[in-house]
Amino acid sequence: MSLRVAVIGAGPAGIYASDLLIRHEEHDIYVDLFEQMPAPFGLIRYGVAPDHPRIKGIVKSLHNVLDKPRLRLIGNTTVGRDITIDELREYYDAIVISTGAVRDKALTIPGGEHSIGAGEFVGFYDGNPRFDRDWDLSARQVAVIGVGNVGLDIARILAKTGDELLVTEIPDNVYDSLAKNQAEEVHMFGRRGPAQAKFTPKELKELDLSDTINVVVDPEDIDYDDQSVEARRSNKSTDLNCQVIEQYAIREPKDAPHNLHIHFFEEPVEVLTDNGQVVGLKTERQEYDGEGNVVGTGKFTEWPVQAVYHAIGYRSEPVAGVPFDFDKNVIPNDGGHVTGADGLYATGWIKRGPIGLIGNTKSDAKETTDMLIDDALAGRLTPRKHEDPGAIIELLESREIPYTTWEGWYRLDGAERAAGEGCEIYGRERKKIVEWEEMISHARAVPVVS
C-alpha cells in the first residue's frame, strides 16, 4: 500500500503523527507537513519561555523526524487561504489536522475585557511574528490569574530583569521592552488550594534560582481537605508541589527586588478599572465545601494592580473547510476521524483541547494514525487524483506562494545562530529572528525587499 498524507500544523502533534506514518513498516507512506509559519516546531518554538532551554531540547528529537526522507516540510502556507482542504484532497489520500491552540480563552468576569491573555504575552516574548513587537511593562503591581505552568512562566518573566533574559534567544525588541519593566510585585491567583495547582514541581522550584525573585506564600493558604490529602498520596508531582509551596510559606523572606506572591483560595470576580485603565483586581475568599470543591465565603479583597494577565487556557481556531465545535473549540471527532468528513483526521489540542503534556501528544497521535491506517487497509479512503509528488509544489508556485522548506529551516537556523554568536553575551546559542519577511528571506535565500 502506498499513501500520500497531508499533515496540517508542524508543531509537536503534527510531527509526531508524521513520524508514526512514515515509520510504519508495512506500508509505503509519504507525508507533506504544511505549516502557516515560515519555521516549524509550533508551540516548542513559540510557546515555551525563553529561559527554559531544557524544554526546548524537545526540538532536537523533532528535528530528527524532519530530517527523514519520506517527510517534506511546506512552510509559510496557510491551508484555507493559499490552498483549500478540497484542493488538498486531490493531492493526498488523507489529511490530518494538527493546528494546535494559540489563542486565549476569554476571562468572563466584569472588566475581564481589560485583562491580557497569556497567549498574547507569550507570543510577544517568544518572538512570534503574529504578535505585538512592543509591550507596555510600566505597571509596578501586576496580577496573573491561573496557577499552572503558563501562569508561572508569565509571572517569572515579569519578575526577572531584561539582563537576566539576555543570555537566551530573545530578539532585540523583546529585550528592549523587558529592560523597561517596572514590575515590583507580581500576584498569582488560584481559586483552589495548593494540591490543585497545576505546576510542574521542577518549574515551581526553579523560581527560587533567580536572585531577583522573592517567592511569597501566605501560611494561611496552606490548607488541605480529605480529597487534597488523597491527591498528595496518589500523585508524586502533587505532593512535591505542596512540599515546595509549604517551604515558600515558612521560610524567611529573600532580599530581592521583585516579590512574586502565590495566592490560593482567591477567586477573581472583577477587574477594576478607572476610565478604561486597570486599577485593581477584586477576589472572593474561598473555602473547602467538604466535597472536594470550594465555595465563596463572602469575604472580598481588592488588590491594587495596574495590569491583569489571565492564564486560564488556550483555545483552537477553526480551519476553513473543516467542521468545528465553537462551544468546545475543537474539531468534532471520535478519537481521530473528523465527524462527517471522510479522509479527514485530527490530533493534538485541536482534537482534544489544550490539555496534557508531550506524552499525551504522542499517544494521541498514535490513536489517530492507527485509525488512518486501518481505514486505508479497509479501502475506506478516496484515492488521490495526482500521483506526481511535485504537482502540489507546482500548484503553489503557480500561485506565487513563497513557501519555505526544511532546507530553508537550516538556513534560517544558521542565521539565528550566527546572530547569537555575534552578541557580546557569552554562551548565547541564538538570537531569534522575529520579522516574518526576514524569516522568509533567510529560508528562501533571497534578499529582503525594503
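What this report covers is the structure whose coordinates are included nearby. Because the structure is a prediction, the values reported are computed rather than measured. (Residues numbered from 1 in each chain as written. Predicted model: local features only at pLDDT ≥ 70, side-chain atom pairs only at ≥ 80, totals over all residues. Heavy atoms only, no water.)

**So, unusual backbone geometry**
Phase 1 of the analysis: Not every positive phi belongs to a glycine, and Phe41 is a case in point at roughly 90°.
Phase 2 of the analysis: Assignment of secondary structure puts Phe41 in the loop between strand 2 (28–34) and helix 2 (42–46).
Phase 3 of the analysis: Relative accessible area serves as the criterion here: at 2%, Phe41 is assigned to the buried category. (Helix = DSSP H or I, 4+ residues; strand = E, 2+ residues; numbered from the N terminus. Buried < 20%, exposed > 50% of the residue type's maximum accessible area, 1.4 Å probe, protein only.)

**Digging into the packing of helix 11 (residues 226–234) against helix 12 (residues 236–250)**
Phase 1 of the analysis: Relative to each other, helix 11 and helix 12 sit at 115°, their axes nearing to 5 Å. Here helix 11 lies roughly perpendicular to helix 12, going by the angle between them. Every residue of helix 12 that contacts helix 11 at Ala231, Arg232 and Ser234 is listed here: Lys236, Thr238, Asp239, Cys242, Gln243 and Glu246.
Phase 2 of the analysis: Broken down by class, the residue content of the contact of helix 11 with helix 12 amounts to two nonpolar, three polar and four charged. (Axes fitted to C-alpha atoms, helices over the stretch in contact; angles between N-to-C directions. Parallel < 35°, antiparallel > 145°, perpendicular 65-115°, else oblique. Contact = heavy atoms within 4.5 Å. Nonpolar A, V, L, I, M, F, W, Y, C, P; charged D, E, K, R; others polar.)

**A look at the packing of aromatic side chains**
Phase 1 of the analysis: Enumeration according to the criterion identifies 13 aromatic pairs in this entry.
Phase 2 of the analysis: Arranged with centres 6.2 Å apart and planes meeting at 85°, the rings of Phe41 and Trp406 form a pair that is edge-to-face. In this pair, Phe41 is assigned in the loop between strand 2 and helix 2 and Trp406 in helix 16 (residues 406–421), connecting sequence segments 365 residues apart.
Phase 3 of the analysis: Measuring from ring centre to ring centre gives 5.4 Å for Trp406 and Tyr410, while their planes differ by 70°; the resulting arrangement is edge-to-face. Of this pair, Trp406 and Tyr410 both sit in helix 16, four residues apart, roughly one helical turn.
Phase 4 of the analysis: Look at Tyr410 and you get partly exposed, because its relative accessible area is 40%.
Phase 5 of the analysis: Grouping aromatic residues by their ring pairs yields a cluster made of Phe121, Phe124, Tyr125, Trp135 and Tyr309.
Phase 6 of the analysis: In this structure, Arg70 is placed above the aromatic ring of Tyr30, and the distance from its NZ or CZ to the ring centre is 5.1 Å.
Phase 7 of the analysis: Between Arg232 and the ring centre of Tyr224, over which it is positioned, the NZ or CZ distance is 4.9 Å. (Phe/Tyr/Trp six-rings, centres within 6.5 Å; stacked < 30°, edge-to-face > 60°. Lys NZ or Arg CZ within 6 Å of the ring centre and 35° of its normal.)

**Focus: the sheet that holds strand 13 (residues 294–303)**
Phase 1 of the analysis: If you walk across this open sheet you meet the three strands as 11-12-13, and the pairing is antiparallel. Edge positions in the sheet fall to strand 11 (266–274) and strand 13, since each has one partner strand and no second. Recorded for the sheet is a direction-independent mean angle of 25° between the axes of neighbouring strands.
Phase 2 of the analysis: As judged from the seven bridges shared by strand 12 (residues 277–288) and strand 13, these two strands associate in the antiparallel manner. What sits directly across from Tyr288, in strand 13, is Val294. (Pairing = 2+ DSSP bridges.)

**Thoughts on the pattern of salt bridges**
Phase 1 of the analysis: This model, assessed by the stated rule, comprises 38 salt bridges.
Phase 2 of the analysis: As a salt-bridge pair, Arg430 and Glu169 come within 3.9 Å of each other at their nearest N and O atoms. Of this pair, Arg430 sits in the loop between helix 16 and helix 17 (436–443) while Glu169 sits in the loop between helix 8 (162–165) and helix 9 (172–178), placing them 261 residues apart in sequence.
Phase 3 of the analysis: Residue classification places Arg430 among the buried residues on the basis of a relative accessible area of 9%. (Salt bridge = Lys/Arg side-chain N within 4 Å of Asp/Glu carboxyl O.)

**Considering the pairing of strand 12**
Phase 1 of the analysis: Looking at chain direction, strand 11 and strand 12 are connected through eight bridges and run antiparallel. Looking at strand 12, one finds that Leu272 is bridged to Gly280.

**Brief notes about the side chain of Glu284**
Phase 1 of the analysis: Mapping Glu284 onto the fold places it in strand 12.
Phase 2 of the analysis: Lacking a salt bridge, the buried Glu284 has Arg191 as its closest oppositely charged neighbour, with an N-O distance of 8.6 Å.
Phase 3 of the analysis: Among the polar contacts listed, one links the side chain of Glu284 to the backbone nitrogen of Gly298, at a separation of 2.9 Å. (Lys, Arg positive; Asp, Glu negative; His and termini not counted. Polar contact = N/O pair within 3.5 Å; in protein donor to acceptor, adjacent residues only side chain to side chain.)

**Describing the nonpolar core**
Phase 1 of the analysis: Judged by nonpolar contacts, the single largest core of 48 residues is most densely connected at Phe121, Leu158, Met188, Leu204, Leu260, Ile262 and Tyr309.
Phase 2 of the analysis: Here the element with the most residues in this core is helix 7 (residues 149–159); it accounts for six residues.
Phase 3 of the analysis: What Leu204 contacts, discounting residues up to four positions off in sequence, is Leu152, Phe199, Asn241, Val244, Ile245, Tyr248 and Ile262.
Phase 4 of the analysis: Counting 38 residues, the second largest nonpolar core, distinct from the first, contains Val31, Tyr46, Tyr345 and Trp406. (Core = buried A, V, L, I, M, F, W, Y, C linked by side-chain atoms within 4.5 Å.)

It is worth stressing that arrangement in space is one thing and function is another; only the former is reported here.
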